[in-house]
2 protein chains.
Amino acid sequence: MRLLFMGFGVGVAVGAGGCYLYLSATKQPQAARVARGIAFDEEQHHALKFGAPETEIVRQYEGYIAAYDYRTRNPKWVLEHITRSSSSGDAKRDGTEFFPDPGVDPHFSAKLSDFRGSGYDRGHMAPAADHKSSQKAMNETFSLINISPQVGAGFNRDYWARFERYVKELTYAAADVYVITGPLWLPTQSQSQSQDEPHKGGSTGGKWTLVHDWIGKPPGLVAVPTHYYKVVVADPRGGGEPGNPAVAASSESESQLAKGAVAVGAFVMPNQPIDARNPLSAYVVPLEDLEQVAGTRFFPDLLEDPRRRAALDTAAAGWRQEGLMQLKPFERLSVKQALAALPAPTSGVTIETVDTKISNAAVQETVSAPATSSSSLLSSSRALPPPPPPPKTPPGTGVLHVCDVNACRMPRPDFYLPSGSSNNNNKPRQ
Amino acid sequence: MRLLFMGFGVGVAVGAGGCYLYLSATKQPQAARVARGIAFDEEQHHALKFGAPETEIVRQYEGYIAAYDYRTRNPKWVLEHITRSSSSGDAKRDGTEFFPDPGVDPHFSAKLSDFRGSGYDRGHMAPAADHKSSQKAMNETFSLINISPQVGAGFNRDYWARFERYVKELTYAAADVYVITGPLWLPTQSQSQSQDEPHKGGSTGGKWTLVHDWIGKPPGLVAVPTHYYKVVVADPRGGGEPGNPAVAASSESESQLAKGAVAVGAFVMPNQPIDARNPLSAYVVPLEDLEQVAGTRFFPDLLEDPRRRAALDTAAAGWRQEGLMQLKPFERLSVKQALAALPAPTSGVTIETVDTKISNAAVQETVSAPATSSSSLLSSSRALPPPPPPPKTPPGTGVLHVCDVNACRMPRPDFYLPSGSSNNNNKPRQ
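Please read all numbers here as calculations on a predicted model, not as lab measurements. (Residues numbered from 1 in each chain as written. Chains lettered and ligands numbered in written order. Predicted model: local features only at pLDDT ≥ 70, side-chain atom pairs only at ≥ 80, totals over all residues. Heavy atoms only, no water.)

Q: Just give me the short version of the pairing of strand 11 (residues 262–270) of chain B, but keep the residues and values in it.
A: One face of the sheet, then the other: side chains in a regular strand alternate in exactly this way. All names here are of chain B. Extensive coverage of strand 11 is indicated by the burial of nine of its nine residues. Going residue by residue along strand 11, you find Val262, Val264, Ala266, Val268 and Pro270 tucked away on one face and Ala263, Gly265, Phe267 and Met269 tucked away on the opposite face as well. Relative to strand 11, strand 10 (residues 227–235) runs antiparallel, the two sharing eight bridges. Bridging from a neighbouring strand, Val231 pairs with Ala266 of strand 11. As judged from the three bridges shared by strand 11 and strand 12 (residues 399–401), these two strands associate in the parallel manner. Each residue of the ladder has a partner; that of Val262, found in strand 12, is Val399. (Buried < 20%, exposed > 50% of the residue type's maximum accessible area, 1.4 Å probe, protein only. Helix = DSSP H or I, 4+ residues; strand = E, 2+ residues; numbered from the N terminus. Pairing = 2+ DSSP bridges.)

Here you go:
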């Protein structure tokens, strides 16, 4: 019997040893291939004798994961998971430094010199302020894998900064907030079909053309995006505090969040100065449209169900319509043109003819309140505005639109002013 | 002793079984992730709760492998391995049909309707004619994963077609030819620096701007590339016939090929009509520059050695210079502008001042010979032109430039005419 056990022991060792050798022989190359980007079975195809081209890389940091595109020298997407604790803490921007990502082939990385004198900010995709729980986490947001050339005044330092703050404050509504941020290059349509090229552009009118700048020196230029997107998921199921007064949730959306519904929203903004009075809801887009122009599916494991997607896109169309209605006709046209590649909702109210009185009043209320009380500086949502409209997301799918939670209300334009200071409005954030 | 063996046997079974269970548990998810594109360790990062965005897919066919970009709805790169037998055979184009790739998410695939009436050809990256050994292999080249919108007359049906033939004929010089083909989007530089934007464009002059069209219907548009590239590796080490008279190799390059050197070349052409008289060498580019604008390294396992790369790029600069010298000044400027994002060689002869007599004579010789003899129709290289110049690739690195093998000589403009027909010059190839 002792021999039986001895044999068994040796046998297990041999079996496991063989297994180890097998794993060593087969897994290492695969792991190496995986680390370099695209993964596929390199052994099998006769064309792969000298290796395969790799066009992007994915890097993981403490607070975020980023995919970097070697051709545009821009992030493709940056995925963050933030909580109230990860986005608060003692980490400071002072002393942080931008750095080329050590994991990105220097041939394909943007360089610090590309941005110098370019006229563009080094814009964070995952904002530094989302990662304050440790100095390491904040420092890591300054990797150029997380950076894209953004227009500074009026965008990165203003409207976009407020939007980032809006997203961060979702951690007051739901314990876990997941955000994907990235650049877009959206074409515009010429007004009328060219007469000498009757076949260009198909049957939909004028042809679509993309025009955008690049910075740096050839051949290694860095593309300047025409737009940026954020897709946001606010998940209360991890034990958030949906009743927090910071979020003026409607009782209906509050009850949905309490029942475990997840709030989702997609936004697209042009990389240009945006009027501080424009409502955030004017930049709400249907997830489906954004996915089409970004060329990816966001949060695939959450949003596979077509009923969920339909419910969200119905809500998004409603919110966008409401946002456009708040604008005067000329501004409305301008915002619509900026997002022309994402078709505006065609059903429902014809927004061109809707009275804009209500919305203008709402805008007044949001932006013109005197900016004196230091307790109201952090966020306009803390100034207890009138309750938001009832949710637009059809119930029963387990999701609701983030705007149903907080009525798309952004922080005040001066949200980042330290108490007492008042003339620091154009503080560069790059 | 029998017990020892019995125990050993059971032990091996347990060890191997445990190994199998371990593999089942760990390998399946990884394989699934690999199949969907980017691969990384999904288990470890807290941000990946709802999955990660995927922006491209790699598909393998009998004759080629293609990476497809979901945002531009274009191939990123298409890698072929062709031989004399794979590119000859009975497979016919007649009856072949373009089809959306079944492995590409329909949301991100180009559609047949995107091309209809667009004014652009459905241009193959891996040419159908490279895959004639089986009808299946040829049919597979009609997947839209291998297709990009190309200008038809003067490009896809003419200059580019001849270039494809040139590459295919490298199988007469080397047994194994590897080709990577793909689209580019290259910006152009404005002539002078804008005065009201002194910071744009850095110190190199005017700013760089990309302008290109899209076809189809929003939001799922298909980008029209501004340029296409091919990177070619001709490897004689598998038993090719370097002495084949079809290739007028110089004695030096022939001897290098015989010694096992590998011929490599990179080419970039604008997606527009190209004058049939332009020499191919005018479109030779340094590999390094192409890699910078394409955002990838080609054939990384062959071309890692910096001395090889330097040798190839020296040769490329020489060939390009020679090609540009063959052009009249205005045409030269036009070709240089078309490839402005890939800086022209600055060292060596100042090409602007070089006499163009010799080169014009050479061009005459190549394109103006009467196209009557059916035996000379297949390729100008079979018409036994004067011997090519000696290799430009510095020796000793095991590589030489493909133009050193065949002097960048393309087939005659009418190479595809069936013997006897003569008025079929604009036969559509789409």
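Resuming the write-up.
Q: Report on the packing of aromatic side chains, specifying residues and quantitative values.
A: Using the criterion set out here, one finds 28 aromatic pairs over all chains in the structure. Taking 5.2 Å as the distance between ring centres and 40° as the angle between the ring planes, the aromatic pair formed by Tyr61(B) and Tyr64(B) counts as tilted. Just as Tyr61(B) is buried, Tyr64(B) falls in that class too. Over the face of the ring belonging to Trp319(A) we find Lys392(A), whose NZ or CZ atom lies 4.6 Å from the ring centre. (Phe/Tyr/Trp six-rings, centres within 6.5 Å; stacked < 30°, edge-to-face > 60°. Lys NZ or Arg CZ within 6 Å of the ring centre and 35° of its normal.)

Q: Before we move on, can you summarise the pairing of strand 10 of chain B with the specific residues and values?
A: All names here are of chain B. Among the nine residues of strand 10, nine are classified as buried, and the element is accordingly described as predominantly covered. Side chains His227, Tyr229, Val231, Val233 and Asp235 project from strand 10 onto one buried face, and the interleaved Tyr228, Lys230, Val232 and Ala234 project onto a second face that is buried too. Where strand 6 (residues 176–184) and strand 10 come together, nine bridges link them in antiparallel fashion. Each residue of the ladder has a partner; that of Asp176, found in strand 10, is Asp235.

Q: Can you break down the sheet that holds strand 1 (residues 56–60) of chain A residue by residue, with the values?
A: Residues and elements named next belong to chain A. Spatial strand order, 1-2-3-6-10-11-12: seven strands in an open sheet with mixed pairing. Bordering the open sheet on either side are strand 1 and strand 12 (399–401), each of which pairs with just one other strand. Strand after strand, the sheet turns through a mean of 15° between neighbouring axes, direction not considered. Summarising the sheet, strand 1 and strand 2 (residues 64–69) pair through five bridges and their orientation is antiparallel. Looking across to strand 2, one finds that Glu56 is bridged to Asp69. Most of the contacts of helix 6 (residues 287–294) go to strand 10 (residues 227–235), to which it runs at about 135°, and overall it touches strand 6 (176–184), strand 10 and strand 11 (262–270). (Axes fitted to C-alpha atoms, helices over the stretch in contact; angles between N-to-C directions. Contact = heavy atoms within 4.5 Å.)

Q: Quick one: what's the story with the environment of Gly119(A), residue by residue and with numbers?
A: All names here are of chain A. Within the secondary structure layout, Gly119 lies in the loop between helix 2 (112–115) and strand 4 (121–124). Classification of Gly119 as partly exposed rests on a relative accessible area of 49%. Spatially, the C-alpha atoms of Gly119 and Gly152 are 8.2 Å apart, while their sequence positions differ by 33 residues.

Q: Which residues make up unusual backbone geometry, and what values do they have?
A: Residue and element names in this part refer to chain A. Going from Pro218 to Pro219, the amide bond is cis rather than trans, its omega being 0°. By the secondary structure assignment, Pro219 is in the loop between strand 8 (208–215) and strand 9 (222–223). Positive phi values are uncommon outside glycine, yet Cys408 reaches one of about 60°. As for its placement among the helices and strands, Cys408 is situated in the segment after helix 10 (402–406). Cys408 sits in the buried class, given a relative accessible area of 5%.

Q: Got a sec to walk through the state of the cysteines? Specific residues and values, please.
A: Residue and element names in this part refer to chain B. Applying the stated rule across the entire model yields two disulfides over all chains. Across a sulfur-sulfur distance of 1.7 Å, Cys403 and Cys408 are joined as a disulfide pair. Given an S-S torsion of about 100°, the disulfide between Cys403 and Cys408 has right-handed geometry. Judged by relative accessible area, which is 0%, Cys403 ranks as buried. (Disulfide = S-S within 2.5 Å.)

Q: Before we move on, can you summarise the pattern of salt bridges with the specific residues and values?
A: Going through the model one piece at a time under the given rule, you end up with 34 salt bridges over all chains. In this structure, the salt-bridge partner of Asp101(A) is Arg59(A), at a minimum N-O distance of 2.8 Å. One end of the pair, Asp101(A), is in the loop between strand 3 (74–82) and helix 2; the other, Arg59(A), is in strand 1, and 42 residues separate them in sequence. Under the relative-accessibility criterion, Asp101(A) is labelled buried at 3%. Of the residues examined, Arg59(A) reaches a relative accessible area of 23% and is grouped as partly exposed. Linking Arg297(B) and Asp105(A) is a salt bridge whose minimum nitrogen-to-oxygen distance equals 2.9 Å. Of this pair, Arg297(B) sits in the loop between helix 6 (287–294) and helix 7 (306–325) while Asp105(A) sits in the loop between strand 3 and helix 2, each in a different chain. Judged by relative accessible area, Arg297(B) falls into the partly exposed class, the value being 23%. A network of salt bridges, in which partner residues are shared, links Asp105(A), Glu288(B), Glu291(B), Arg297(B) and Arg309(B). (Salt bridge = Lys/Arg side-chain N within 4 Å of Asp/Glu carboxyl O.)

Q: Quick one: what's the story with the sheet that holds strand 12 of chain B, residue by residue and with numbers?
A: Residue and element names in this part refer to chain B. The mixed open sheet is built from seven strands, whose spatial order is 1-2-3-6-10-11-12. Both edges of this open sheet fall to strand 1 (56–60) and strand 12, since each of them pairs with a single strand only. With direction set aside, neighbouring strand axes in the sheet form an average angle of 15°. Docked against the sheet, helix 6 engages strand 6, strand 10 and strand 11, running at close to 135° with respect to strand 10.

Q: I'd like a description of the side chain of Asp404(B), backed by residues and values.
A: Residue and element names in this part refer to chain B. Among the structural elements, Asp404 can be located in helix 10 (residues 402–406). Although buried, Asp404 forms no salt bridge, and the nearest oppositely charged side chain, Lys392, lies 6.2 Å from it. Of the polar contacts made by the side chain of Asp404, one reaches the backbone nitrogen of Lys392; its length is 2.8 Å. (Lys, Arg positive; Asp, Glu negative; His and termini not counted. Polar contact = N/O pair within 3.5 Å; in protein donor to acceptor, adjacent residues only side chain to side chain.)

Q: Residues and numbers for the packing of helix 7 (residues 306–325) of chain A against helix 8 (residues 329–338) of chain A, please.
A: To describe two helices that pack against each other, one gives the angle between their axes and the distance between the axes. Residue and element names in this part refer to chain A. Contact geometry of helix 7 with helix 8 gives a least axis separation of 9 Å together with a crossing angle of 140°. Here helix 8 runs oblique to helix 7, going by the angle between their axes. Of helix 8, the residues touching helix 7 (which contributes Arg320, Leu324 and Met325) are Arg332, Val335 and Lys336. (Parallel < 35°, antiparallel > 145°, perpendicular 65-115°, else oblique.)

Q: Which residues make up the environment of Val222(A), and what are the values?
A: All names here are of chain A. Summarising the element assignment, Val222 is placed in strand 9. A relative accessible area of 0% means that Val222 is categorised as buried. Expressed as a C-alpha distance, the spacing of Val222 and Phe108, which sit 114 residues apart in the sequence, is 9.5 Å. When near neighbours in sequence (up to four residues on either side) are disregarded, Val222 contacts Thr72, Arg73, Asn74, Ala110, Asp114, Pro149, Asp213, Trp214 and Ile215.

Q: An account of the side chain of Arg162(B) is needed here, citing residue identities and associated values.
A: Residue and element names in this part refer to chain B. Tracing the chain through its elements places Arg162 in helix 4 (residues 152–168). Here Arg162 occupies a buried position and makes no salt bridge, while the nearest side chain of opposite charge, Asp275, is found at 7.4 Å. Apart from the residues lying within four places of it in its own chain, the contact partners of Arg162 are Ala276, Met410, Pro411, Arg412, Pro413 and Phe415.

Q: Please provide a residue-by-residue account of helix 6 of chain A, values included.
A: Residues and elements named next belong to chain A. With seven of eight residues buried, helix 6 lies mostly within the body of the structure. Check the buried side of helix 6 and you find it contacts strand 6, strand 10, strand 11 and helix 7. Just beyond helix 6, the residue with positive phi is Gly295, at close to 70°.

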